[in-house]
Amino acid sequence: MAVLNDRNVVKLNDAKTLDIIDEHWQLITELLPVLKALQIVTAIMSAESQPSASCVYPMLQGLIKNHLTAKEEDSKVLVDFKKDVAQNITQCFGMARDETATNECIIASILDPMYKHLPGFSNDFKKLAYDNVRQIIQQMPASVEQPSPSGDAIGSETPAKRFRPNHAAVMFLLGDCASQQAVEDSDFENYIKSSWTSDSTETALEWWKQNDKLFPKTAKLARKFLCVPATSVQSERLFSATGRLISDLRNRLLPEQAESLVFLNKNQDLDRKSVV
C-alpha cells in the first residue's frame, strides 16, 4: 500500500488500476496458507540434488488431506478454491485409481524409508502397491550384485553426510499422516518393518548407503527407481545453463568442451566439498 500511495513510484493513473480493495486484500490473506503449501510442494518436487520422485504422491496426499480440506471458518471463495485444486490434483495424478499403485513414483515412495508406509493411502491401495513391488523383486535376476567390502553402495569414498532438504516443510505437508505405520519374512518384508523415525533428516540415498547389506534385493531396486526425477525442471535448468554458456562469443566451442563446462558448472559444489 505504501508503494501504491507514493506518487514518486506509482503515477496516479497507474495507482487506480493497481489499487486493491479491502475485499481483495482479505481474499489474499485467506489464500496465503494454501498458496504456501503449494509453493512448498513445487520447490521439493523441483529439487536437483536429492531424490524427488518418492515424495510426489505422499506430499500430494498430505496436501489434499491437511491443506485443501474445507474448514468451518473458510469463506465460500476459499472453499471453492480448495475444492477445485484438490479435484484437479486427484484427477491429474489418479489419486483415486487402483492402477496408480503401479506408478513409478509410488514404487519410489515405497523404496524411500520416509514414505514406505504410503501415508494417507488406504490399506487396499497399499496392498496393491506392495504386491506390485514384491512381483518386481521376484522377477529380478537371482544373482544380486554384492556391495563392496567397505559397504559403500555408491562409491569407494565416503562423502560428507547429506541431510534431507526441507525436512520441516515435508512434515508440515504430511501432518498426522507422517506417523502412520504399516503392519505386515523376506528381503522386502524386513525392509518394510525396519525402523525409521519421523524426525530423521537422512536422505533416502544416505539411508540405503548404510542399510543396503540388510536388504540387498530391495536396495538394488531402490537404486533403479530413486534416481527418477519428479519433474523436468532439472533438464530445463540444464538447457538454460547451456544456453548461457554457448553464446555468440563462444560459437566455436566443440560439443565435448561445452559438455565438460556444463558438467563442471553443475557439479562445482561437489568439488568444493571434496576439497574441504
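If you're wondering where the values come from, they're calculated on a predicted model, not measured in any experiment.

Asker: Can you walk me through the overall build of the protein in this structure?
Answerer: Helix and strand counts for the protein stand at 14 helices and zero strands. For the protein, the sequential pattern of α-helices and β-strands runs α-α-α-α-α-α-α-α-α-α-α-α-α-α. A buried classification covers 39% of the 276 residues belonging to the protein. Counting only carbon and sulfur atoms, one obtains 54% of the accessible surface of the protein, whose full area is about 17,100 Å².

Asker: What's the story with the packing of helix H12 (residues 233–245) against helix H13 (residues 255–266) in this structure? I'm lost.
Answerer: Think of two packed helices as two axes; the pair is described by the angle between the axes and how far apart they sit. Packing of H12 against H13 brings their axes to within 10 Å, and their N-to-C directions diverge by 120°. Regarding the angle of H12 to H13, the classification is oblique. As for the relative orientation of H12 and H13, their crossing is right-handed in sense. Between H12 and H13, the residues in contact are Arg237, Leu238, Ala241, Thr242 and Leu245 and Ala258, Leu261, Val262, Asn265 and Lys266, respectively. Counted by class, the contact of H12 with H13 contains six nonpolar, two polar and two charged residues.

Asker: Explanation requested: the packing of aromatic side chains in the structure shown.
Answerer: Each aromatic ring pair is described using two quantities: the centre-to-centre distance and the angle formed by the ring planes. The final tally for this structure, using the stated rule, is 10 aromatic pairs. Aromatic side chains Tyr57 and Phe93 sit 6.1 Å apart centroid to centroid with 90° between the ring planes, which places their arrangement in the edge-to-face category. A residue pair is termed long-range when its members are at least 10 positions apart, and Tyr57 in helix H4 (residues 56–67) and Phe93 in helix H5 (residues 76–93) qualify at 36 residues. A residue is classified by how much of its surface remains accessible, and Tyr57, at 4% relative accessible area, is buried. We classify Phe93 as partly exposed; its relative accessible area is 27%. Here the aromatic rings of Tyr130 and Phe188 are separated by 6.0 Å at their centres, their planes lie at 65°, and the arrangement is edge-to-face. Relative accessible area serves as the criterion here: at 2%, Tyr130 is assigned to the buried category. Given a relative accessible area of 2%, Phe188 falls into the buried group. An aromatic cluster is defined as three or more aromatic residues linked by ring pairs; in this entry it consists of Tyr130, Phe188, Tyr191, Trp207, Trp208 and Phe215. Seen from the ring of Tyr191, Lys116 lies directly overhead, with NZ or CZ sitting 4.8 Å from the centre.

Asker: Would you mind showing me how to read the state of the cysteines here?
Answerer: As used in these notes, a disulfide is a covalent bond between sulfur atoms, one from each of two cysteines. Summed over the entire model, instances satisfying the criterion amount to zero disulfides. The thiol of Cys55 is unpaired, and the distance to the nearest cysteine sulfur, on Cys105, comes to 8.6 Å.

Asker: So what exactly am I meant to see when it comes to the environment of Leu68 here?
Answerer: Structurally, Leu68 can be placed in the loop between H4 and H5. With 30 residues separating them in the primary sequence, Leu68 and Leu38 have C-alpha atoms 9.9 Å apart. Excluding residues that lie within four positions of it along the chain, Leu68 makes contacts with Val34, Leu63, Lys82, Val85, Ala86 and Ile89.

Asker: What's the story with the nonpolar core in this structure? I'm lost.
Answerer: Nonpolar side chains tend toward joint burial in soluble globular proteins. Membership of the largest hydrophobic core comes to 51 residues, with the highest contact counts inside it found for Leu68, Ile110, Phe188 and Trp208. Looking at this core, the elements with two or more residues in it are helix H3 (22–45), H4, H5, helix H6 (104–110), helix H7 (123–138), helix H9 (187–193), helix H10 (204–211) and helix H11 (216–225). Considering every element that reaches this core, the biggest residue donor is H3, with seven residues. Not counting chain neighbours up to four residues away, the residues in contact with Ile110 comprise Lys116, Leu118, Ala129, Tyr130, Val133, Phe188, Tyr191 and Ile192.

Asker: How should I be thinking about the packing of H3 against H5 in this particular structure?
Answerer: Two numbers describe how H3 lies on H5: the axes approach to 10 Å, and their chain directions differ by 20°. Of the possible angle classes, the one that applies to H3 and H5 is roughly parallel. Classified by chirality, the crossing of H5 by H3 is right-handed. Of the residues in H5, those in contact with Leu27, Glu30, Leu31, Val34, Leu35 and Leu38 of H3 are Val77, Leu78, Phe81, Lys82 and Val85. Broken down by class, the residue content of the contact of H3 with H5 amounts to nine nonpolar, no polar and two charged.

Asker: What am I meant to see in unusual backbone geometry here?
Answerer: The phi dihedral of Leu118 is positive, around 50°, even though this residue is not glycine. Leu118 gets classed as buried once you look at its relative accessible area, which sits at 0%.

Asker: What is the right way to read a nonpolar patch on the surface from this model?
Answerer: Side chains of Trp25, Ile28, Leu32 and Leu35 sit close together on the surface and give an oily, nonpolar patch of about 340 Å² of accessible area. With respect to the helices and strands, the residue Leu32 is situated in helix H3. For Leu32, a relative accessible area of 48% translates into the label partly exposed.

Asker: For this particular structure, what's the right way to read the side chain of Lys82?
Answerer: On the secondary structure map, Lys82 appears in helix H5. Since its relative accessible area comes to 5%, Lys82 is described here as buried. Setting aside chain neighbours within four positions, we find Lys82 in contact with Val34, His67, Leu68, Thr69, Ala70, Lys71 and Asp74.

Thresholds, definitions, all that
- Residues numbered from 1 in each chain as written.
- Predicted model: local features only at pLDDT ≥ 70, side-chain atom pairs only at ≥ 80, totals over all residues.
- Heavy atoms only, no water.
- Helix = DSSP H or I, 4+ residues; strand = E, 2+ residues; numbered from the N terminus.
- Buried < 20%, exposed > 50% of the residue type's maximum accessible area, 1.4 Å probe, protein only.
- Areas by Shrake-Rupley, 256 points an atom, 1.4 Å probe, with all protein chains shown as cover.
- Axes fitted to C-alpha atoms, helices over the stretch in contact; angles between N-to-C directions.
- Parallel < 35°, antiparallel > 145°, perpendicular 65-115°, else oblique.
- Left-handed = near helix turned anticlockwise from the far one by under 90°.
- Contact = heavy atoms within 4.5 Å.
- Nonpolar A, V, L, I, M, F, W, Y, C, P; charged D, E, K, R; others polar.
- Phe/Tyr/Trp six-rings, centres within 6.5 Å; stacked < 30°, edge-to-face > 60°.
- Lys NZ or Arg CZ within 6 Å of the ring centre and 35° of its normal.
- Disulfide = S-S within 2.5 Å.
- Core = buried A, V, L, I, M, F, W, Y, C linked by side-chain atoms within 4.5 Å.
- Patch = residues over 30% accessible without salt bridge, like charges linked within 9 Å, V, L, I, M, F, W, Y side chains within 5 Å.
- Salt bridge = Lys/Arg side-chain N within 4 Å of Asp/Glu carboxyl O.

Bear in mind that shape data such as this cannot, by itself, settle questions of function.
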